[in-house]
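So you can see what is in the structure, the chains are spelled out below.
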Amino acid sequence: MSTLPPQAQGSVRAPNQVRGMLLVAIAAVGFSTMHALIRILSADLHPFEIAFFRNFFGLLVLAPVLVRRGIAPLHTTRLPLHALRSVLQMGSMLLFFTALTLTPIARVSAMGFTAPLFATIGAVLFLGEALHRRRIAALALGFAGAMIVLQPGAEIDTGLFLVLLSSAGWAIALLVIKTISSTDSSLTLGLWMGIFMAPLSLIPAAFVWTWPAPGDYPWLVLMGAVGTLAHLCMAEAFVQADASAVLPVDFTRLVWASLLGFFIFGEVPELPTWIGGAIIFASTTYITYREARSGPSRATASQASTSKAR
């Protein structure tokens, strides 16, 4: 227990909170940039193939860690769970990448905020966590926001339904992550994810394979590097600061997605996208805040959900 007075403890936490918020802001730019690159590359390559290169070059970014620290970070007694988590995340990634080729990236980004909602439902069903009235209200509000983005009655947007399926798959993966993280470090989780997902994602990519043009390779490398670095920034943000401090900054992903969609692809975000996205995000932020107050073990899944490997 810290012997510092409350005022001194607050002064120590403040720089970490600012650092965490900055890391989330950087991650938001990184994820949005990766999504824009996926859309650009999809003009020449199938999204399954793009997913393989995302994992392959992302793994290469992590290679220096193994060079510097050896194989010690790979030690685990839960290899089957790492494999299961990677299969789940790969399926989620394939759905999400396909959605990005069908739907404006701002709408995909807004609907992507639903992952913590599915994770909360999964924690209740499979981990026996309590479903209090506040949780029920937050879930209802979040899914109401999803309906606003979907705009039932309007033209069916296949991409948005793929994002919902992706979020549900990602949520199941989060429950596995929650189990593994009780014994394995975040570095071990990240390394095994890359080691499994690179070869796994090659399997579906092989069925739609076309060799990228020489000019595509720099963009593929950039996509893999940016996605992995954004993932690391988000994970480190939760080490540096409380979830309640850094999560609101994650909403800037919708801002960046809207700007990139407008200036690169000429996509103008509709008002329901902003309203629904804000409602979903407010709901998931509240759930994470309440779980963080209940203890770190319950907050793990919701916090990790913002650190997407998609």
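In this report, the structure presented in the accompanying data block is examined. All figures in this text were calculated on a predicted structure; none of them were measured in a lab.

A closer look at empty space enclosed by the protein
Empty space left among the atoms is revealed by rolling a probe the size of a water molecule over them. According to the stated counting rule, one finds 4 cavities of 30 Å³ or more in the structure shown. What lines the largest cavity is Arg54, Asn55, Gly58, Leu59, Leu62, Gly190, Met193, Gly194, Met197, Thr228, His231 and Leu232. Going through the elements one at a time, α2 (47-69), α8 (186-206) and α9 (217-240) are the ones with two or more residues in the lining of the largest cavity. Take the lining of the largest cavity: its biggest share by element is 5 residues, from α2. When its residues are assigned to classes, the lining of the largest cavity shows 5 nonpolar, 6 polar and 1 charged.

Some remarks on the nonpolar core
One finds Ile38, Ile50, Phe97, Met111, Leu220 and Met223 to be the most contacted residues of the largest nonpolar core, which totals 58 residues. Per element, the largest residue contribution to this core is 8 residues, and it comes from helix α1 (residues 6-41). Residues Ala119, Ala171, Ala173 and Leu174 belong to the second largest nonpolar core, which totals 10 residues.

Thoughts on the pattern of salt bridges
Under the criterion given, the structure shown has 3 salt bridges. Here Glu267 and Arg39 are joined by a salt bridge, their closest N and O atoms 2.4 Å apart. Of this pair, Glu267 sits in the loop between α11 (252-265) and α12 (271-294) while Arg39 sits in helix α1; the two residues are 228 residues apart in sequence, bridging distant segments of the chain. On the accessibility criterion, Arg39 (14% relative accessible area) is buried. We note a salt bridge from Arg107 to Asp157, for which the minimum N-O separation is 2.9 Å. Within this pair, whereas Arg107 is found in helix α4 (residues 105-112), its partner Asp157 is found in the loop between α6 (133-150) and α7 (158-180), the two being separated by 50 residues in sequence. Each of the two residues, Arg107 as well as Asp157, counts as buried.

Structural notes on the packing of helix α5 (residues 115-126) against α6
Packed helices, taken two at a time, are described by the angle their axes make and the gap between the axes. Following both chains from N to C, one finds α5 and α6 inclined at 140°, their axes separated by 10 Å at the closest point. Regarding α5 and α6, the two cross each other, and that crossing is left-handed. Residues Leu117, Phe118, Thr120, Ile121 and Val124 of α5 form the contact with α6, whose own contacting residues are Arg135, Ala138, Leu139, Gly142 and Phe143. A breakdown of the residues in the contact of α5 with α6 according to their chemical character gives 7 nonpolar, 2 polar and 1 charged.

Considerations on the packing of aromatic side chains
This structure, assessed with the given rule, holds 14 aromatic pairs. Judged by centre distance (5.4 Å) and plane angle (75°), the rings of Phe118 and Phe143 are edge-to-face. Taken together, the positions of Phe118 in helix α5 and Phe143 in helix α6 put the pair 25 residues apart, joining distant regions of the chain. Residue class for Phe143 comes out partly exposed when judged on its relative accessible area of 25%. Both rings, one in Phe262 and one in Phe263, keep their centres 5.1 Å apart while their planes meet at 80°; by these two values the pair is edge-to-face. Residue class for Phe262 comes out partly exposed when judged on its relative accessible area of 42%.

Definitions and cut-offs
Residues numbered from 1 in each chain as written. Predicted model: local features only at pLDDT ≥ 70, side-chain atom pairs only at ≥ 80, totals over all residues. Heavy atoms only, no water. 1 Å grid on protein atoms, 1.4 Å probe; cavity = no way out; pocket = protein on both sides within 12 Å on 5 of 7 lines; lining within 4 Å. Points joined across faces, edges and corners; volume = space filled by probe spheres on them. Helix = DSSP H or I, 4+ residues; strand = E, 2+ residues; numbered from the N terminus. Nonpolar A, V, L, I, M, F, W, Y, C, P; charged D, E, K, R; others polar. Core = buried A, V, L, I, M, F, W, Y, C linked by side-chain atoms within 4.5 Å. Buried < 20%, exposed > 50% of the residue type's maximum accessible area, 1.4 Å probe, protein only. Salt bridge = Lys/Arg side-chain N within 4 Å of Asp/Glu carboxyl O. Axes fitted to C-alpha atoms, helices over the stretch in contact; angles between N-to-C directions. Left-handed = near helix turned anticlockwise from the far one by under 90°. Contact = heavy atoms within 4.5 Å. Phe/Tyr/Trp six-rings, centres within 6.5 Å; stacked < 30°, edge-to-face > 60°.

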